[in-house]
Amino acid sequence: MTAPLASFIRPSIRDLRGYVPGEQPHDRRYIKLNTNENPYPPSPRVIEAVRRAACEDLRLYPDPSATELRCKAAAVYGLSPAQIIAGNGSDELLAMIVRACAGAGDHVVYPMPTYSLYDTLVAIQGAEAVHVPFAEGFALPLEALAAAAGRVTFVCNPNAPSGTLTPLAVIEQLARRVAGLLVVDEAYVDFAHDSALPLVQRYPNVVVLRTFSKSFSLAGMRIGLAFADEGIIAELNKVKDSYNLSRLSLVAATAALTDYAWMQDNVARIRQTRARLLAGLRALGLEVLPSEANFVLARSRGRDMGTLQRRLKDGGILVRHFDTPELRDAVRITVGTDAEVETLLETMAPLLERLD
Ligand code: PMP
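In what follows, the accompanying structure is described. Numbering of residues starts from 1 in each chain and follows the order in which that chain's sequence is written. Whole-chain, interface and lining totals are the exception, using all residues; otherwise, since this is a predicted model, local features are given only for residues with pLDDT of at least 70 and side-chain atom pairs are given and counted only at 80 or more. Side-chain numbers here rest on the full set of heavy atoms in the structure, without hydrogens or water.

Some details on the overall build of the protein
Going along the chain from the N terminus, every DSSP run of H or I of four or more residues is numbered as a helix, and every run of E of two or more is numbered as a strand. A count of helical and extended segments in the protein gives 13 helices and 12 strands. At 21 Å, the protein has a C-alpha radius of gyration in line with the 21 Å of a compact globule built from 356 residues. Considered along the principal axes of its C-alpha atoms, the protein spans approximately 60 × 55 × 50 Å. Relative to its full complement of 356 residues, the protein shows a buried share of 53%. The reference for a compact globule is 2.2 Å times residues^0.38; the radius of gyration itself is calculated from the C-alpha atoms. Three exposure classes are used, based on accessible area relative to the maximum for each residue type with a 1.4 Å probe and protein chains only: buried under 20%, partly exposed in between, and exposed over 50%.

Structure below.
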């Protein structure tokens, strides 16, 4: 008799719920403020580079070590190419780090609530997630994080879904205190005023992750970068898929870095709209923490904001709700264009009044 198919799967995977990404609708009728994409297009140089690459050599494999991209990134960010590895989105880099560092039973530590993919990656590996609650106002619980002595400690900064930024001085203290690797996930850092990138030169246990999905408007291309000590990068290279980035992604990322000003202009616009969104939400009576990301977390104490999220969807607007005890009374809203944010606020006002 054949065993049930699921019995071929490792028990830890069978028990896993799996990461649930935000909704990606197939039509464009929604105002999409649920997965922190950029409302503005990427640089015309990116479009041109992708167009050109699409007409050349797609029958050949891409460069497995992303040499051109790493050299360009090294020049832009002031490190050496050997301190950089490229990933198929920073999600792949997170997976590579957990795969390389955390075996069965090893502790992987992070403050909560944060990016929920960490839980999935740790569980896949059979490692143990150590959750340390954030202090009031999403202040980093430095002592408790250090005391947990993880092989890896993740800090998402600015944090998702709160949007709050831990000051660089605190991240540096943590780098000194953690027992293992400190991974600073800077997916949203271009929208903030501080970055941990300089720590890579001073602390061999610090890894900084960046993505092209948010500030560079390239979520569709799947590109991320990790910056770390050369020795760490060499180890991560061993666990990466050989050809992890497509030819199109590689040229898109390289071209995006040649037009840094385009990204910065979009970031400046998004920061302005963020201030309007924050003021508008507060005027509707919601609690909103100061955000240094391209989204805000809006809370209405004790109310189930899942209802608001569903009603907004009926009204043509997607926002993100997390059905966990800490976040049930909040929604995370991506900063769109000014017009999108106006529509959101107008749609939300009557819905909030009718909410239980
Ligand atoms: N880190 C955080 C905190 C994120 O929110 C995201 C996007 N969901 C990522 C990493 C991954 O981004 P990407 O794989 O698109 O580079």
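More follows now that the structure is in view.
Here's the deal with the site of the ligand
Here a residue is considered near a molecule or strand provided that any single heavy atom belonging to it is located within 4 Å of it. The immediate surroundings of the ligand are formed by Gly89, Ser90, Asp91, Tyr115, Cys156, Asp185, Ala187, Tyr188, Thr211, Ser213, Lys214 and Arg222. A distance of 2.6 Å separates an oxygen atom of the ligand from a polar atom in the backbone of Ser90. Take Thr211: an N or O atom from its side chain is 2.5 Å from an oxygen atom of the ligand. Here the open area of atoms and residues is found with the Shrake-Rupley method and a 1.4 Å probe, where only the protein chains shown may cover a residue. Coverage of the ligand by the protein amounts to 91% of the 400 Å² it exposes when considered alone. Residue polarity is assigned by list, with Asp, Glu, Lys and Arg as charged and Ala, Val, Leu, Ile, Met, Phe, Trp, Tyr, Cys and Pro as nonpolar; anything else, Gly included, falls into the polar class. Taken together, the residues that form the shell around the ligand break down as four nonpolar, four polar and four charged. Polar contacts here mean pairs of N or O atoms no more than 3.5 Å apart (in protein, one a potential hydrogen donor and the other a potential acceptor; neighbouring residues in sequence count only if both atoms are side-chain atoms).

Examining the packing of aromatic side chains
Stacked, edge-to-face and tilted labels apply to pairs of Phe, Tyr and Trp rings (six-membered ring for Trp) whose centres lie within 6.5 Å, assigned for plane angles under 30 degrees, over 60, and everything in between, in that order. Tallied over the entire structure, the rule returns 12 aromatic pairs. Taken together, a centroid distance of 4.1 Å and an interplanar angle of 10 degrees make the contact between Tyr61 and Tyr243 stacked. Taken as a pair, Tyr61 in the loop between helix 2 (44-54) and helix 3 (67-77) and Tyr243 in the loop between helix 9 (230-238) and helix 10 (247-258) lie far apart in primary sequence, 182 residues in all. For Tyr61, a relative accessible area of 59% translates into the label exposed. Of the aromatic side chains, those joined through ring pairs into one cluster are Tyr19, Tyr110, Tyr115, Tyr118 and Phe154. Charges are assigned to positions over rings by a cutoff of 6 Å between ring centre and Lys NZ or Arg CZ, combined with an angular limit of 35 degrees from the ring normal. Its guanidinium or amino end placed over the ring of Tyr40, Arg269 lies 3.9 Å from that ring's centre, counting from NZ or CZ.

Thoughts on the pattern of salt bridges
The term salt bridge refers to a pairing of a side-chain nitrogen on Lys or Arg with a carboxyl oxygen on Asp or Glu at a separation within 4 Å. Tallied over the entire structure, the rule returns 18 salt bridges. Between Arg222 and Asp91 there is a salt bridge, and its shortest N-O distance comes to 3.9 Å. Taken together, the residues Arg222 in the loop between strand 7 (206-211) and strand 8 (224-227) and Asp91 in helix 4 (residues 90-101) connect sequence positions 131 residues apart. What makes Asp91 partly exposed here is its relative accessible area of 27%. For Lys238, the salt bridge goes to Glu235, with nearest N and O atoms at 2.9 Å. Pair noted here: Lys238 and Glu235 are both in helix 9, with a separation of three residues, about one helical turn.

Some details on the pairing of strand 10 (residues 295-299)
A large share of strand 10 lies buried, amounting to five of its five residues. Side chains Phe295, Leu297 and Arg299 project from strand 10 onto one buried face, and the interleaved Val296 and Ala298 project onto a second face that is buried too. In this scheme, strands are said to pair when DSSP sees at least two bridges between them. Linking two consecutive strands that pair antiparallel, namely strand 9 (residues 287-288) and strand 10, is a turn of six residues. The pairing of strand 10 with strand 12 (residues 330-334) spans five bridges and is classified as antiparallel. Paired with Ala298 across the bridge in strand 12 is Val331.

Quick look at unusual backbone geometry
Omega for the peptide link from Met112 to Pro113 comes to 0 degrees, which places this bond in the cis form. Within the element layout of this structure, Pro113 appears in the loop between strand 3 (107-112) and helix 5 (117-125). Here Asn157 and Pro158 are connected by a cis peptide whose omega angle stands at 0 degrees. Among the secondary structure elements, Pro158 is positioned in the loop between strand 5 (152-156) and helix 7 (168-177). The phi torsion at Arg222 lies on the positive side, around 60 degrees, for a residue other than glycine.

A look at the pairing of strand 8
Here strand 8 shows a buried face lined by Gly224 and Ala226 and a second buried face lined by Leu225 and Phe227. As paired strands, strand 2 (residues 84-87) and strand 8 are joined by four bridges and run antiparallel to one another. Bridge assignment links Ala86 to a residue of strand 8, and that residue is Leu225. For strand 7 and strand 8, the ladder comprises four bridges, and the chain directions are antiparallel. Along strand 8, the bridge assignment pairs Val208 with Phe227.

Some thoughts on the packing of helix 11 (residues 260-283) against helix 13 (residues 338-353)
One way to put it is that helix 11 packs onto helix 13 with a least axis distance of 10 Å and a crossing angle of 10 degrees. Taken together, the axes of helix 11 and helix 13 lie roughly parallel to each other. Contacts from Thr273, Arg276, Leu277, Gly280 and Leu281 of helix 11 reach helix 13 at Asp338, Val341, Glu342, Leu344, Leu345 and Met348. Looking at side-chain class alone, the contact of helix 11 with helix 13 contains six nonpolar, two polar and three charged residues. Working convention: axes come from line fits to C-alpha atoms, limited for helices to the stretch in contact. Angles between N-to-C directions cover 0 to 180 degrees. Angle categories are assigned with fixed cut-offs, so that under 35 degrees is roughly parallel, over 145 is roughly antiparallel, 65 to 115 is roughly perpendicular, and the rest are oblique. Residues count as neighbours in contact if any of their non-hydrogen atoms are within 4.5 Å of one another.

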